[in-house]
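Take a look at the letters that make up each chain.
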Amino acid sequence: MQPLIDLHTHSHHSDGTLSPAALAAAAAARNVRVLALTDHDSVAGLAECREACAALGMEWVAGVEVTALWRGQEIHVVGLGIDPSNTDLAAHLSEIVKRRRARIASVLERLRRAPRLPEGELGALDALAVPTRTHVARALVALGAAESMQEAFERWLARGRPGYVPPDWPTIAAATAAIRSAGGHAVLAHPHRYKLSSGGRRALLGEFAASGGAALELDLPGLSPSDAAHLGELARAHGLAGSAGSDFHEPGQPWRPLGRFAKLPEGTEPLLPRLVNTRLE
Ligand code: AMP
Ligand code: MN
Ligand code: MN
Ligand code: MN
C-alpha cells in the first residue's frame, strides 16, 4: 500500500470521538505515515498524539483548526507545525472557546424552548472543553429529534432553524497571526465547502494570502478534480502551497476515511516538506 498522509483530523478533545492515541492507531492501521491532529481551537490532545505516533513509528505534526469569521461566514484556518505552548496562540484559542461556550449555551436554550423537540435532556454541552454544534447534533440524534447528523443540522441548527445562533468569531487575520506567532503555517481548510460566489472565493483567498496564509487544502474528501484544478490555479496565483487531510471525526463515516495520497493539482507546491523541521524522525 502506498503511504498516506493526513494533516487534518479530530479527537475527543474537540468534536471527534476517538482519543488521540486511538486516532493515531487508526491512522497507522490505514498506513498513514505523517499525522497531524488538528482539533477545533484546542491543543490539549497534541502531547498524547505525539507519544502515540512515536510509539507507532509514525511522523507527527502539531496542529490546530482555528475558527474565524469572514463576511459573516465561519471559516476554518488549520495551523500546522505550531508550538503548542505559545502564549499568543493559547490566548487566541481561549477567547474562541469562551465564545463557543456562550454560543452553545444559547443554542441549547433556544432548542429547549422549541416546540416539537422530543422529551429528554440534551445535557450540559456548553460545559465541554470545546463545545461545538457537532456535540449538539449528536445529542439531537440520540434524543430522536433527527435520524442523522446531517438532518440534525438541517432541521435544528442551520440558519432559520430553532437552534440557530449566528457565529461570532475573530477575523481570519487574527487566526493567521496567532498561528504564525506560534511558528506555524496557516492553511485555509476545505475551501470548497464555503458558500461563496467565485468572486467571493477569490476575495477570500486573496485576503487569506495577504494576511500571511501559507497554503490551501487541495486534497480532501468531497473535492472534485475540476474544483481541485480550479483551486490549484488560485493557489498558484496567490503563492499558496497545497495541503492534504481527511477532516476525520469518527469511525463509521466511510466517506471520510483517514489518510490521503496527497495528490495535488499540477504545479502546486506541497506544504509537507516545509513542515520537515517540526516532524518527528
Ligand atoms: P461549530 O464550530 O460549533 O459551528 O460546529 C461546526 C462543526 O460542525 C464543523 O466542524 C463540522 O464538524 C460540523 N458540521 C457542520 N455542518 C455539518 C453538517 N451539515 N453535518 C454534519 N456535521 C456538520
Ligand atoms: Mn468538526
Ligand atoms: Mn473545519
Ligand atoms: Mn476539521
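The structure reproduced in this document is the subject of the present report. Here the structure is a predicted model, which means the values were calculated and not measured. Along each chain, numbering runs from 1 in the same order as the chain's sequence is written. For naming, the first written chain is A and the first written ligand is 1, with later ones following in the order written. Per-residue local features of the predicted model are confined to residues with pLDDT of at least 70, and side-chain atom pairs are confined, for both listing and counting, to 80 or more; whole-chain, interface and lining totals are unaffected and use all residues. Calculated side-chain values reflect all of the structure's heavy atoms, with hydrogen atoms and water omitted.

A short note on the environment of Arg236
Right, so step 1: Numbering of helices and strands starts at the N terminus; helices are DSSP runs of H or I of at least 4 residues and strands are runs of E of at least 2. In this fold, Arg236 is placed in helix α8 (residues 225-237).
Right, so step 2: Burial classes follow relative accessibility: with a 1.4 Å probe on protein chains only, a residue under 20% of its type's maximum area counts as buried, one over 50% as exposed, and anything between as partly exposed. Residue Arg236 is classed as partly exposed on the basis of its relative accessible area, which comes to 38%.
Right, so step 3: C-alpha of Arg236 to C-alpha of Thr87: the two residues are 149 residues apart in sequence and 32 Å apart in space.
Right, so step 4: Here, two residues are considered to be in contact whenever any of their heavy atoms come within 4.5 Å of each other. Here Arg236 is in contact with Glu266, Gly267 and Thr268, once residues within four sequence places are set aside.

A look at helix α7 (residues 198-210)
Right, so step 1: Under the convention used throughout, the expected extent of a helix is 1.5 Å for every residue step, that is, one less than its residue count. When the terminal C-alpha atoms of α7 are compared, their 18 Å separation across 13 residues agrees well with the 18 Å that a helix rising 1.5 Å per residue should span.
Right, so step 2: Turning to α7, its buried residues number three or more, namely Gly200, Arg201, Leu204, Leu205, Phe208 and Ala209. Down the axis of α7, the sector holding all buried residues measures 165°, keeping them to one side.
Right, so step 3: As for α7, its buried residues are in contact with β3 (59-70), β4 (73-80), α6 (172-181), β5 (185-188), β6 (215-219) and α8.
Right, so step 4: Once α7 finishes, Gly212 follows within two positions and takes phi at roughly 105°, a positive value. The directions from the helix axis to the C-beta atoms are what the arc is built from.

As for the coordination of the manganese ion (ligand 4)
Right, so step 1: Counted as coordinating are nitrogen, oxygen and sulfur atoms within 2.8 Å of the metal, or 3.2 Å for Na, K and Ca, while water is not included, which may make sites look incomplete. The manganese ion (ligand 4) binds to the protein through His8 (NE2), His10 (NE2), Glu65 (OE) and Asp247 (OD), with metal-donor distances spanning 2.1 Å.
Right, so step 2: Between consecutive donor residues of the manganese ion (ligand 4), the sequence gaps follow H-x1-H-x54-E-x181-D.
Right, so step 3: For the pair the manganese ion (ligand 4) and the manganese ion (ligand 2), the metal-to-metal distance amounts to 4.6 Å. Residue Glu65 is found in strand β3, and its partner Asp247 is found in the segment after β7 (241-244); the two are separated by 182 residues along the sequence. The exposure classification of Glu65 matches that of Asp247, with both residues buried.

Focus on helix α2 (residues 46-56)
Right, so step 1: For α2, the set of buried residues is Leu46, Cys49, Ala52 and Cys53. The arc that holds every buried residue of α2, seen down its axis, measures 130°, which confines them to one face. With respect to the buried face of α2, the exposed residues turned more than 90 degrees away are Ala47, Glu51 and Ala55.
Right, so step 2: Of the residues flanking the end of α2, it is Gly57, one or two places downstream, whose phi is positive at about 75°.

So, the pattern of salt bridges
Right, so step 1: Any Lys or Arg side-chain nitrogen located within 4 Å of an Asp or Glu carboxyl oxygen qualifies as a salt bridge. Enumeration according to the criterion identifies 11 salt bridges in this entry.
Right, so step 2: Among the salt bridges present, the one from Arg155 reaches Glu151, with a minimum N-O distance of 3.4 Å. Placement of both Arg155 and Glu151 in helix α5 (residues 149-157) is noted, with a separation of 4 residues, approximately one turn of the helix.
Right, so step 3: Judged by its relative accessible area of 38%, Arg155 falls in the partly exposed class.
Right, so step 4: One salt-bridge network, in which partners are shared between bridges, spans Glu95, Lys98, Arg99 and Asp168.

A closer look at the site of ligand 1
Right, so step 1: The criterion for a residue being near a molecule or strand is simple. One of its heavy atoms has to lie within 4 Å of it. Residues in close proximity to ligand 1 include Asp15, His40, Glu74, His76, Arg100, Arg103, Thr132, Arg133, Thr134, Gln150, Phe153 and His249, which together make up its full environment.
Right, so step 2: By the criterion applied in these results, polar contacts are pairs of N or O atoms within 3.5 Å in which, for protein atoms, one can donate a hydrogen and the other can accept it, and in which residues neighboring in sequence qualify only through two side-chain atoms. Here an oxygen atom of ligand 1 and a side-chain polar atom of Glu74 are 3.1 Å apart.
Right, so step 3: Within the contact set of ligand 1, an oxygen atom lies 2.9 Å away from a side-chain nitrogen or oxygen of Arg100.
Right, so step 4: Computed with a 1.4 Å probe, the accessible areas rest on the Shrake-Rupley method; for each residue, only the protein chains presented here act as cover. Burial of ligand 1 by the surrounding chains reaches 79%, relative to a free accessible area of 500 Å².
Right, so step 5: Every element with two or more residues in the shell around ligand 1 is listed here: β4, α3 (87-113), α4 (133-143) and α5.

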